[in-house]
Amino acid sequence: ATPPPKDPGAPRLSFHCWPSSRLEATRCVAPIGSLITPLKKLPPTCSPPTSLQYDPIRCSTATCHAVLNPYCQVDFRTKLWVCPFCLTRNHFPPHYAENISEQNLPAELIPQFATCEYELPSVPPAGPPAFVFCIDTCAHVEELAELADSIQQILNLLPEDSLVGLITFGTNVQVHELGFEGLPKAYVIRGNKEYGPAKVGQLLGCGGAAAAGGAGKASGGAPPPPPPPPGQHQQQQMPQATYESPGQQVLRRFLLPVSECAMTLESILDDLRKDPWPVPSDKRVARCTGCALSVATSLLDLALPRRGARVMMFVGGPCTSGPGAIVSRLKTEDMRSHADLARNAEPLHKPACEFYASLAKRHAVGSQGGKGSSTAAAANASATSCHVVDVFACSLDQVGVLEMGELVEATGGLMVLGDSFGQSVFKESLRRVFQTFDADVPEDGGKMQMAFGATLEVLTSREFKVSGAIGPVTSLGKKGPNVSDLEVGRGGTNAWSLGGIDPSTTIAVYFDITNPGTSPLPEGKRRFIQFLTRYQHSNGRTRLRATTLCGPWYNPPPGEDKKGGAPPPGVGGYNPGPGMEQPSPVKMSFDQEAAAVLLARVAVHRTETEDVADVLRWVDRSLIRLASKFGDYVPDDPNSFRLSPEFSLFPQFIFHLRRSQFLQLFNSSPDEAAYYRYILSRENTTNSLVMIQPTLLSYSFNGPPQPALLDSQSVRPDTILLLDTFFHVVVFHGETCAAWREQRYHEQEEHVAFRNLLEAPQADAQTIMDNRFPVPRYIVCDQHKSEARFLMAKLNPSVTHNSEGGAGAQVFTDDVSLRVFMEHLMKLAVQS
C-alpha cells in the first residue's frame, strides 16, 4: 500500500514516520498523535466530490467493523478483500463482486480517495434543525434592543422549514407560545428549581391527551375544550385528542417553522421589556440562567429527541438564583476569582458545575427513560447530544462561562465572550454560526455548515493503541482491543460523542505504541488508522465519513538508542557511531507545528486537575528532553548545540505557550481563562498556533509589508504593526506615524504615500477578521497610549527596563527573554 499524495485535508501528525517500539516512542518525548478536522471540505483530488448514496462495506469481524478503503488488499480473482486492521479476509457482496475489476473500482477503493463520505439510506431523515433562543431580560434596555435586532436578522438567514422557539428569562422563565394567534401568550415558570422533560410538558399543558384529564387540569395548563353542541360529536373528538403526544403538542404550539411564526416572533422581540421585578439597591438582579437552560433542553427532549437542535443562550450577567447560581444576590459578596477557586473558598462554584454537568449527562443518555449506565450511553450513541448548547455572554463582568463550560463542551456548543450585544464581536459572530456552504459546492451548496449528533470512532492496526482525545468530546465508554491503559485527555475508549460540529472543529487524538522493543517489525510494514465520523447533516440526513491514514514504521538499528560518550561535533542527532551519520527518518518526519499544538492541548487539559506551576514544570522538562534527544551537540558544550530545521521553531512555540493566557492566569478572570482554553481545544493547527505565537506584520515606507519578529525590537516610531492574536487584531502606530496622523498629513495630496501606509494594515486586518469565528476584537492604538498594552504584552521582552541600550521599545517586565530562555535550554539539554 503506497501512501496517497500529500493532501491538504489530511489529518496532521506530530511524526509521520513512527518508531517501532514503545521504549523508543517514549524517548521521542513529543506526544504521538493526530489533529483531525472531521468535516473539512476536501478538494476533489483527495475525496469524491459528493457523498456516496449507499451504506459502506464493513469488515465482518465483530471487534473491527472497519470500512473498505484504498489500503485494503483486493483479490480480483476470488473477489475477496483483506482488512488492513485485523487482517480478516472478507467476501464482497454480490453487486460488487459482479462488477469489480482492476479497471472498474468503486469510489472507496480508488487510491487517492483516502476519505470517503457516505449518506446512509438505511437511516431515515430526521428533518430540519430547531433553534431555541433563550434571552436574558435582566440586561439594559439598549442591550436588549441590540440583541432583539440581531435575532431578527438571524430569522431571515434561517432555512424556511427550520423550527424556532423563544424563551425569555429573568427572575422567572417565560416560554412563548408562538402558535397562538391574535395576541402574545407566554407560560411563566418559577425560576428557583430545575425542570425535567415530563414536568415541563405538564406545566405547558402538553401532558399528552390521555393525561389531559388529570395532569392537565391539575397543573392549570391548557384550558378545557369548549363543550361541543351534539352528543355524538364528543365521542368523535376524544379519540382524536388521544393521539397527540406531548412532543407533538410542543411542535404545534411552541416550536414552529420560521415561515409560519416569523411575524409573531418579530413582534414579541420588538416588545421585549426589561425584567419587571423590583431590585433593591444593595442586591444584584435575580437571573435564573440555569433554570432557563433546563426548561429549554427539556422542551427539545420532549419534542425532538433524535433531531438536530441548538439552544442559544444570550446572557448579560451572572446566574444569581435557582440552580447553577454562581454568586449570591448581595452586592457585598464578590464574584469568584482564581485565588478563591484555588483555595476552594467559593461555596457556589462546585454545585453550579455539578448542575450543568448533570444537564450534560441527561443529554448523553438522550431521553432514554433514564438508563444511567455508560453502556446505555454508548449504545445510544445515535441519540447523543443531537441538541447543542451555545453560550453568547456579553457583559463587562463574569457571567459563569467557567461553570457552563462543561455543558457547552459536552454538547459541542459554541462560546462567544463579548462586552456588549452591540459589539461586532457578538453581532458578526452570531451571523457566522448560520454560515452556509458556497453556492458552487457540489451537493451541499447553500446548505448550513453546522451538523449535529456527531460521534468519532478510531480504529488502529495492531502495533499501537488509542490513548485518548482532547477537544469538545465526551467519552462513549467503548472498550476495544485497541484502547490503551495509558490515558491522555478523555481516554479509556476508542469512540467519543462530539455533539455539534462544523467544518472547522478539530479533535486531537493521541496514540500509544505498544509493540515491545524485543520484536522489531518486518521491513516495509505499515501502520493504519481509520477515523469514522458519523453525524446528522443540516438537511436531516445521517452521514458517515471514513478517513484512512497509512504510514511507515522505523526500526532503529541496535546501539542507536543512546547518545555516545563524546562523539565528534556535527554528527546526526542520534550519534549512532561512525559510518551511519544520516539522521533517523523519525527525526526528519517531525511536524513541529502539529507537535506544539498537541503538546499545548495536553498542557491545557492538565490545568483542569493540576496546579498551573506543575504543568509549566512538565512543559519545561518535556522541551529539555526533546532538545536533548534530537539536538546535535558535544556533551557539556552548550555552544555546540544545534537544532535541525524540523525542530528549530519548536522551542519558541513553547516559550510563547508558557507566556500565553492559556497557562498564565494573571490579568484574566476565571471566565476568560475557561473561554480561551475552550477555543484552543477546538481550533485547527494554524489557528491554534496563532493563539500560541501571534503573528506580527510590519508596514513602513521601506517596501511592502514584512513579517516581523514577535519582539520588542520590532517596535519602531516610523512603522505601523499589525498583530493577530486570534482573539484580538491590533493595528499599532509607532510614535512618529501617530504624530503625523494627528497633524493630518494623510489628508494632503502630496502625502498620498502616507495615506496608503495608514490604510494598508486596516485593509489587511479586515481580511483576517472576515473569515474567523469568533470574530476578533479590533483595536487601533498608538505607541505609549493605554491600549498599546495589547501589543506590548505579547512581545518577546528582548529590551526591558533592566537592559542596557538596544533599539526598539522597552517592555516593563521581569519575564525572561527568548534569548535567555534558549541559553538555559541549551545548557540543560547538553548535560551528560
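So, how was this worked out
Residues numbered from 1 in each chain as written. Predicted model: local features only at pLDDT ≥ 70, side-chain atom pairs only at ≥ 80, totals over all residues. Heavy atoms only, no water. Helix = DSSP H or I, 4+ residues; strand = E, 2+ residues; numbered from the N terminus. Buried < 20%, exposed > 50% of the residue type's maximum accessible area, 1.4 Å probe, protein only. Contact = heavy atoms within 4.5 Å. Areas by Shrake-Rupley, 256 points an atom, 1.4 Å probe, with all protein chains shown as cover. Phe/Tyr/Trp six-rings, centres within 6.5 Å; stacked < 30°, edge-to-face > 60°. Lys NZ or Arg CZ within 6 Å of the ring centre and 35° of its normal. Salt bridge = Lys/Arg side-chain N within 4 Å of Asp/Glu carboxyl O. Pairing = 2+ DSSP bridges. Expected span 1.5 Å × (residues − 1). Arc of directions from axis to C-beta. Right-handed = clockwise from strand over helix to strand, strands pointing away. Polar contact = N/O pair within 3.5 Å; in protein donor to acceptor, adjacent residues only side chain to side chain. Core = buried A, V, L, I, M, F, W, Y, C linked by side-chain atoms within 4.5 Å. Disulfide = S-S within 2.5 Å. Axes fitted to C-alpha atoms, helices over the stretch in contact; angles between N-to-C directions. Parallel < 35°, antiparallel > 145°, perpendicular 65-115°, else oblique.

A. Highlighting the overall build of the protein chain. What the protein chain contains, in helices and strands, is 24 helices and 27 strands. Counting all 832 residues of the protein chain, 55% fall into the buried class. Across the protein chain, every contact between residues at least 6 apart in sequence was considered, and the portion connecting residues at least 24 apart equals 73%. Carbon and sulfur atoms provide 54% of the accessible area of the protein chain, an area that totals close to 35,800 Å².

B. Quick look at the packing of aromatic side chains. Overall, the coordinates contain 31 aromatic pairs when judged by the stated rule. Centre to centre, the rings of Trp-18 and Phe-464 are 5.0 Å apart; their planes meet at 85°, and the pair counts as edge-to-face. Remark: Phe-464 occurs in strand β17 (residues 464–470) and Trp-18 occurs in strand β2 (residues 18–19); sequence separation between them is 446 residues. By the burial criterion, Trp-18 is buried, and Phe-464 matches it. Here Phe-464 and Trp-553 contribute two aromatic rings whose centre-to-centre distance is 5.9 Å and whose plane-to-plane angle is 65°, an arrangement assigned as edge-to-face. Taken together, the residues span a long stretch of sequence, with Phe-464 in strand β17 and Trp-553 in strand β22 (residues 542–554) at a distance of 89 residues. The same class applies to Phe-464 and to Trp-553, which are both buried. An aromatic cluster is present here, built from Phe-15, Phe-590, Phe-630, Phe-647 and Phe-650 joined pairwise through their rings. Note that Arg-606 overlies the ring of Trp-618, its terminal NZ or CZ placed 4.4 Å from the centroid.

C. The arrangement of the pattern of salt bridges in detail. Under the counting rule described, the total for this entry stands at 42 salt bridges. Between Arg-362 and Glu-194 there is a salt bridge, with the nearest N and O atoms lying 3.9 Å from each other. On the criterion of sequence distance, the pair formed by Arg-362 in helix α11 (residues 349–364) and Glu-194 in the loop between β11 (186–189) and α4 (197–203) is long-range, its members being 168 residues apart. According to the relative accessible area criterion, Glu-194 is partly exposed, its value standing at 37%. For Arg-490, the salt bridge is made with Glu-409, and the minimal N-O distance between the two is 3.1 Å. With a gap of 81 residues between them, Arg-490 in the loop between β18 (474–475) and β19 (495–501) and Glu-409 in helix α13 (residues 401–411) connect regions that are remote in the sequence. Residue Arg-490 is classed as partly exposed on the basis of its relative accessible area, which comes to 27%. Within this structure, Lys-41, Glu-117, Glu-119, Glu-443, Asp-444, Arg-543 and Arg-545 form a network of salt bridges that share partners.

D. Here's a closer look at the pairing of β17. Of all seven residues making up β17, six are buried, and the element is well covered by its neighbours. Across six bridges, the pairing between β17 and strand β20 (residues 507–513) is antiparallel. Note on β20: the bridge partner recorded for Gly-468 is Tyr-510.

E. Layout of the sheet that holds strand β1 (residues 12–13). Across the sheet, which stays open at both edges, the four strands sit in the order β1-β3-β20-β17 with antiparallel pairing between neighbours. Both edges of this open sheet fall to β1 and β17, since each of them pairs with a single strand only. In terms of strand pairing, strand β3 (residues 33–36) meets β20 through four bridges, oriented antiparallel. Residue pairing for β20: Ser-34 is matched across the bridge by Val-509.

F. Molecular detail of helix α17 (residues 612–630). Spanning 19 residues, α17 covers 27 Å between terminal C-alpha atoms, matching the ideal 27 Å at 1.5 Å per step. Of the residues making up α17, those classed as buried are Val-612, Val-615, Leu-616, Trp-618, Val-619, Ser-622, Leu-623, Leu-626, Ala-627, Lys-629 and Phe-630. Down the axis of α17, the smallest arc covering the buried residues is 165°, so these residues share one side. Buried positions along α17 lie against α1 (22–27), α15 (585–588), α16 (592–606), α18 (650–659), α19 (670–680) and α24 (818–829).

G. Spatial organisation of helix α3 (residues 141–157). When the terminal C-alpha atoms of α3 are compared, their 25 Å separation across 17 residues agrees well with the 24 Å that a helix rising 1.5 Å per residue should span. Of the surrounding secondary structure, the elements contacted by the buried residues of α3 are β8 (130–136), β9 (163–169), α8 (258–270), β13 (309–315), β14 (387–394) and α14 (424–433).

H. Inspection of the pairing of strand β15 (residues 415–418) at higher detail. Inspection of the sheet shows β14 paired to β15 by four bridges, in the parallel sense. The residue of β15 that forms the bridge with Phe-392 is Val-416. Tracing the backbone out of β14, into α13 and back to the parallel element β15 gives a crossover that is right-handed.

I. Representation of the environment of Asp-782 within the structure. In this structure, Asp-782 sits in strand β27 (residues 777–782). Taking the relative accessible area as the measure of exposure, Asp-782 reaches 12% and is therefore buried. Along the sequence, Asp-782 and Glu-735 sit 47 residues apart, while their C-alpha atoms lie 6.8 Å from each other. Those residues in contact with Asp-782 that lie beyond four places of it in its chain are Phe-732, His-733, Ala-738, Arg-741, Glu-742 and Ala-788. A distance of 3.3 Å separates a polar atom in the side chain of Asp-782 from a polar atom in the side chain of His-733.

J. Seen up close, the nonpolar core. If you look at the biggest cluster of nonpolar residues, it comprises 137 residues, and the most contacted ones within it are Trp-18, Val-173 and Phe-511. The dominant element in this core, judged by the number of residues it contributes, is α16, at 10 residues. Excluding anything up to four places from it in sequence, Val-173 contacts Ile-167, Thr-168, Tyr-187, Val-188, Ile-189, Cys-288, Cys-291, Ala-292 and Val-295. In terms of nonpolar packing, the next biggest core, distinct from the first, is built from 37 residues, Leu-158, Leu-166, Leu-272 and Phe-452 among them.

K. Spatial organisation of unusual backbone geometry. Cis peptide bonds are those with omega within 30 degrees of zero, and the linkage from Phe-773 to Pro-774 qualifies with -10°. For Pro-774, the location among the structural elements is in the loop between α22 (752–770) and β27. For Val-29, which is not a glycine, the phi torsion comes out positive at approximately 65°. Mapped onto the elements, Val-29 comes out in the loop between α1 and β3. Taking relative accessible area as the criterion, Val-29 reaches 18% and is therefore assigned buried.

L. Structural detail: the environment of Asp-340. Following the sequence through the fold, Asp-340 ends up in helix α10 (residues 338–343). Given a relative accessible area of 18%, Asp-340 falls into the buried group. In this structure the side chain of Asp-340 is engaged in a polar contact, spanning 3.1 Å, whose partner is the backbone nitrogen of Ser-337.

M. Representation of the environment of Thr-607 within the structure. Checked against the element boundaries, Thr-607 lands in the loop between α16 and α17. Through-space distance from the C-alpha of Thr-607 to that of Leu-663 is 7.9 Å; in sequence the pair is 56 residues apart. In this structure Thr-607 touches Val-612, Val-615, Leu-663 and Arg-677, once residues within four positions along its chain are discounted.

N. Focus on the state of the cysteines. Considering all chains together, one arrives at zero disulfides under this definition. Cysteine Cys-28 shares no disulfide, and the gap to the nearest cysteine sulfur, in Cys-17, comes to 9.5 Å. Not engaged in a disulfide, the cysteine Cys-319 finds its nearest cysteine sulfur in Cys-288; these two sulfurs lie 7.2 Å apart.

O. Structural view of the sheet that holds β27. Pairing in this open sheet of five strands is mixed, and the strands run β24-β23-β25-β26-β27 from one edge to the other. For this open sheet the edge positions go to β24 (703–707) and β27, each flanked by a neighbour on one side alone. On average, each strand axis in the sheet is inclined to that of its neighbour by 15°, with strand direction left out of account. Of the strands in this sheet, β25 (720–724), β26 (728–733) and β27 touch helix α21 (residues 735–742), which is tilted by about 80° from β26.

P. Summary view of the side chain of Asp-390. In this structure, Asp-390 sits in strand β14. With relative accessibility at 0%, the residue Asp-390 sits in the buried group. From its side chain, Asp-390 meets the backbone nitrogen of Leu-414 in a polar contact 2.8 Å long.

Q. A look at the packing of α3 against α8. Where α3 meets α8, the closest approach of the two axes is 10 Å, and the angle between their N-to-C directions is 170°. Looking at the two axes, α3 sits roughly antiparallel to α8. Listed contacts from α8 to Ala-148, Ile-151, Gln-152, Leu-155 and Asn-156 of α3 are Val-258, Leu-265, Glu-266, Leu-269 and Asp-270.

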